[in-house]
Protein chains: 2
Amino acid sequence: MKAPARPIRRATLHHSAVEELRAMILDGELPPGVRVPEVQLCEQLGISRTPLREALRVLSSEGLVELRPHRGAIVAPVDPGEIGAIFEVMDALERLAGTLACRNGSDAEFAKLDRMHDQLVTQHEAGERAAYFLTNRQIHAQIVAMARNPALEATYAGFAAKILRARSLANYDTGRWQESVDEHEGFMAAFRRRDAEEAGALLADHSRRTAVAVIQALRQPPVQAVGQEGGAAADPTPMDVE
Amino acid sequence: MKAPARPIRRATLHHSAVEELRAMILDGELPPGVRVPEVQLCEQLGISRTPLREALRVLSSEGLVELRPHRGAIVAPVDPGEIGAIFEVMDALERLAGTLACRNGSDAEFAKLDRMHDQLVTQHEAGERAAYFLTNRQIHAQIVAMARNPALEATYAGFAAKILRARSLANYDTGRWQESVDEHEGFMAAFRRRDAEEAGALLADHSRRTAVAVIQALRQPPVQAVGQEGGAAADPTPMDVE
DNA sequence: GATTGTAATATTGTATACAATTTGGCACGC
DNA sequence: GCGTGCCAAATTGTATACAATATTACAATC
């Protein structure tokens, strides 16, 4: 008699706090570098300091916040050099995911992947960048899920979160959009052939090219929205594609 | 004026507790599946429940303990299937480490690696398994360090810890020892040629073969040391090599 | 005027007290 | 005899109170 896969798991406060804070950090609501006073967050989340502190410890071990003894916690800054390192690992994870997905994915999953890709292309043609971005993430998540490897899935999620945060800071070169779609076409073709090696290689290459674009965008710091309203940017949100 | 790289960082209790508990888990002092009553650990470590609980949350996010709401924490069990998944990722990390080490390692580091390898061979010939095992870990850590990638280093450490724990439970096939040394000779030759691709490939292969041996050893559960003291095992600690 | 030492304040680190939930046992009924 | 429901004990989850440390402002001195 094995334990049920999903024990009901009513949420505890610190668990909810982790998810809430993580979302706030990834959404940019808590930008990198800002101090995170405990009491202020406590009343904001409506909880006491104890569960909040437990949540901060978890986020620290995930690398999203930095704990400085007796000096308070800050949202972890995004270092371009570190992002480069993260992408180097991400490339390897993408390759592994692609290879394993070919080996372990079901036909139904491959069909679903195809549909998602069609949707991606449609959204690209329609210029719906926000929707495209979401679909793109879902596609990569689907590939990772098809790999049937929980360890990979968890590790991938951690890196994807950090990359997502870095992107949200960068003014992304929209010129890469078309290029990125082409790369998607490429590895999708490999997937349809169930060519594990090729799919992995193309996914890794896709990740590497994304890295170059993101890092380049990071070097040109985003227009400080505060204080200079000159250009009337066509798109208010710093958008990025992969 | 940038902040100093190493602000003194006097230890806090929960930080010390994390390291202490992690060591206890990895050393097998806290075997998988055992419950971890908070109060008992508190008096054992001489701290209060608050920092201990913060430490448990961190270890949970590392995957070394499982938190069951209102039911207490247990040391995470070692599931052979999960170990297989972990090794799949580990293979990719080893490959990446080997490739990057070739590209980024200094000549001094390569020389040091050579010396460590000589020591490894000597210890193998002398049959000093414990010393061999330690040197082996140091070699792999050195390779990862030469990759110059903090993200890889952190991720690698996490996986290595879980693998180490799995090994400590398994009766390892000593027949693999010679084979493992041969594989070390192989990737060392590639390192001496600075052949990044080959070194990475051989390291990944080495990891994969280790995985097979470890998983096979896990299937044959270890002799329960308690209750049967028959064989007077030549080596008290379940030894393993890679 | 600048700098250094000191003290006050604010924030974090830790301990303890209280509330909520689970679990085991026991009695009651079927 | 077996199952169900309830109660009690123990353990975890949370909140609050206290202690320790860092930061800031101010003042005294050079």
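Residues numbered from 1 in each chain as written. Chains lettered and ligands numbered in written order. Predicted model: local features only at pLDDT ≥ 70, side-chain atom pairs only at ≥ 80, totals over all residues. Heavy atoms only, no water.

**So, the relation of the copies chain A and chain B**
Once chain A has been moved 0.0 Å along the axis and rotated by 180 degrees, it coincides with chain B to within an RMSD of 0.1 Å. Here the two chains are linked by the operation of a two-fold rotation axis. (Least-squares fit on C-alpha atoms with pLDDT ≥ 70 in both.)

**Section: the protein's contact with DNA strand D**
Taken together, 21 residues lie near DNA strand D, and L13(A), S48(A), T50(A), R71(A) and R53(B) sit nearest. At the protein interface, 72% of the atoms of DNA strand D within 4 Å belong to sugar or phosphate. One of the side-chain nitrogen or oxygen atoms of T50(A) is found 2.8 Å away from a base nitrogen of DNA strand D. Backbone polar atom of H70(B) to a sugar or linking oxygen of DNA strand D: 3.4 Å apart, as the coordinates give it. (Near = heavy atom within 4 Å. Polar contact = N/O pair within 3.5 Å; in protein donor to acceptor, adjacent residues only side chain to side chain.)

**Quick notes on the sheet that holds strand β1 (residues 35-36) of chain A**
All names here are of chain A. If you walk across this open sheet you meet the three strands as β1-β3-β2, and the pairing is antiparallel. In this open sheet, the two strands that pair with only one neighbour each are β1 and β2 (65-68). Relative to strand β3 (residues 72-75), β1 runs antiparallel, the two sharing two bridges. Across the sheet, V36 pairs through a bridge with A73, a residue of β3. Each of β2 and β3 touches helix α3 (residues 49-62); the most contacted strand, β2, lies at about 115 degrees to it. (Pairing = 2+ DSSP bridges. Helix = DSSP H or I, 4+ residues; strand = E, 2+ residues; numbered from the N terminus. Contact = heavy atoms within 4.5 Å. Axes fitted to C-alpha atoms, helices over the stretch in contact; angles between N-to-C directions.)

**As for the packing of aromatic side chains**
All names here are of chain A. In total, this model carries six aromatic pairs over all chains according to the counting rule given. Ring centres of F187 and F191 lie 6.1 Å apart, and the angle between their planes is 85 degrees; on these two criteria the pair is classed as edge-to-face. You can see F187 and its partner F191 sitting in helix α8 (residues 176-192), four residues apart, about one turn around the helix. On the basis of relative accessible area, F187 is assigned to the buried category, the value being 0%. (Phe/Tyr/Trp six-rings, centres within 6.5 Å; stacked < 30°, edge-to-face > 60°. Buried < 20%, exposed > 50% of the residue type's maximum accessible area, 1.4 Å probe, protein only.)

**Here's the deal with the pairing of β2(A)**
With four bridges connecting them, β2(A) and β3(A) associate as antiparallel partners. Bridge assignment links E66(A) to a residue of β3(A), and that residue is I74(A).

**Observations regarding the packing of helix α6 (residues 129-146) of chain B against helix α8 (residues 176-192) of chain B**
All names here are of chain B. The contact between α6 and α8 brings their axes to 13 Å, and the two run at 30 degrees. Taken as axis vectors, α6 and α8 run roughly parallel relative to one another. Relative to α8, α6 is oriented so that their crossing is left-handed. Each of R129, Y132, N136, I139, H140 and I143 in α6 lies in contact with α8, whose residues at this interface are W177, S180, V181, H184, F187 and F191. By residue class, the composition of the contact of α6 with α8 is seven nonpolar, four polar and one charged. (Parallel < 35°, antiparallel > 145°, perpendicular 65-115°, else oblique. Left-handed = near helix turned anticlockwise from the far one by under 90°. Nonpolar A, V, L, I, M, F, W, Y, C, P; charged D, E, K, R; others polar.)

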